[in-house]
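Structural overview for review
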Amino acid sequence: MQKGDKKTDSGIDINKVYTSKDLPDNLNGKLLPGEFPYTRGVQADMYRGKLWTMRQYAGFSTAEESNKRYHFLLAQGVMGLSVAFDLPTQIGYDADDSLADGEVGKVGVSICSLEDMEILFKDIPLDKISTSMTINSTAFILLALYVAMAKKRGIALDQLAGTIQNDILKEYAARGTYIYPPKPSMRIITDIFEWCGMHLPKWNSISISGYHIREAGSTAVQEIAFTLSNGKAYVQAAKEKGLDINVFGKRLSFFFNAHNNLFEEVAKFRAARKMWAQIMKDLGATDEKALMLRFHTQTGGATLTAQQPLNNVSRVTIQTIAAVLGGTQSLHTNSYDEALGLPTENAASIALRTQQIVAFESGIADSADPLAGSYFVENLTNEIEQKALDLMKQVDELGGSVSAIENGFMQNKIAESAYAYQKDIESKEKIIVGVNDFKSDTAEKIPILRIDEQIRTTQIAKLNILKSKRDQNKVTACLKNIKDAAQSSTNLMPSVIEAVEAHCTLGEISNVLRSVFGEYQS
């Protein structure tokens, strides 16, 4: 077909019109949702059987304040919680550490101890809701805190459902909240795989994340290529540890971004499922649940604009539709005010209502993979798959994800794409409504959520009280056990759970491992 002058955000040429001649040669029209390679979805009836889990990512200030927001969201109809942690928690510092100054409670909730975790989930039934925790380098500690809290409440561990992000490779490539070098970090992750496989059958032990790769400026093609390459690296590391791919493979989940280019995003999700099914099959998986790519989606934070922020409601709606048409299992919709600050309750409610309107009023959820057979979507799915496979081949030729990150390949590709995208905005090749065109001189008054600057003082006071009451001899012994486990091949999780039960803090545990593993310098 004749090419037009339009391209997707990944630079794929868009035809002026598509016909049956543009369908991929390998398209098998007999394949149905729920059938390998799951291009059309991982369930036969998709949302007719069960809607996606509606989540709202939330966490700020203290555990008490975040707990209030969780109860508010549950009352509004969310189906699962998604926890945001502050920067010190993400990189292993307690609130009283000098390096935490100015950051406590700012971009998420501050969690230093089991006491904080118990306050965070006060009066929330852990055996009835699923919890997603966006945490990576300290994921094993937050999981230990969650497990210790459940045990204290008498809840059976096999009833706990949820996900820890636990994806350290994308931190090196795109986000930066790492602590330890790649090899010990991978060891911690496989320890989590092993422990969860024995004790938490409903828990997703990793959420392999393309979201932050996309937020850093990647294209849709790069997002799935680098994410699936990282997924391969985790699977290979787990197999080298002797773990069964058909066991841990069923508890792998993914986390993708949804941007504004509707059809490219739908095609991206479809292509990712197809690619992952074949990757896992090639790596030796035979259980169909281990072949399925299940994913959470979050609408694109980087697409939100501080200019004319109410326009973001429209952007988030398009992105929500893309995620649902693409077959997501779980979804968080960003609030319109997030380019200005943390979301207010009103903005968070509108974001959730967007999901509910799409689910219950639009008719989009009534049929599995409703865009299947579209000449454009099927062609674009194939184009994205082929370009992503070519990029994955380059990663493999460099020795896999860890090597590709260590030599800067992924980072450079993402930076190049981010630069090209910004140039297109500045030249108006890419129109962003309200930013580089259709601008307004009228400033909109948007309420902004303000975080109390005294939060760090409050958290330090709580820590001082905790440390004065706990058994210091037991704390010392538990921290030594962690160090011993780290210096051997012993799984770290049991000693970390024992430590948090003895009220060792997140910072203390992280510092013990810093003394063994060191810190990564990019």
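As shown above, the structure is provided for reference.
Residues numbered from 1 in each chain as written. Predicted model: local features only at pLDDT ≥ 70, side-chain atom pairs only at ≥ 80, totals over all residues. Heavy atoms only, no water.

Here we look at the pattern of salt bridges
Counted according to the given criterion, the structure contains 27 salt bridges. The salt bridge partner of Arg40 is Asp369, with a shortest N-O separation of 3.1 Å. Of this pair, Arg40 sits in the loop between strand 2 (13–15) and strand 3 (53–58) while Asp369 sits in the loop between helix 13 (345–360) and helix 14 (375–397), placing them 329 residues apart in sequence. Under the relative-accessibility criterion, Asp369 is labelled buried at 6%. Between Asp127 and Lys128 there is a salt bridge; the shortest N-O distance is 3.9 Å. The class of Lys128 is exposed, set by a relative accessible area of 67%. (Salt bridge = Lys/Arg side-chain N within 4 Å of Asp/Glu carboxyl O. Helix = DSSP H or I, 4+ residues; strand = E, 2+ residues; numbered from the N terminus. Buried < 20%, exposed > 50% of the residue type's maximum accessible area, 1.4 Å probe, protein only.)

A closer look at the pairing of strand 4 (residues 80–84)
Burial within strand 4 is extensive, with five of its five residues counted as buried. The sheet contact formed by strand 4 and strand 5 (residues 130–134) spans five bridges and is parallel. Within strand 5, the residue paired with Ala84 across the bridge is Thr134. (Pairing = 2+ DSSP bridges.)

Digging into the pairing of strand 10 (residues 295–299)
Of all five residues in strand 10, five are buried, a share of seventy percent or more. Neither face of strand 10 is exposed, since Phe295, Thr297 and Thr299 on one face and His296 and Gln298 on the opposite face are all buried. Direction of pairing for strand 9 (residues 252–258) relative to strand 10: parallel, over a ladder of five bridges. Bridged to Asn257 within strand 10 is Gln298. For the handedness criterion, the β-α-β arrangement of strand 10, helix 12 (residues 311–325) and strand 11 (residues 330–332) is classed as right-handed. (Right-handed = clockwise from strand over helix to strand, strands pointing away.)

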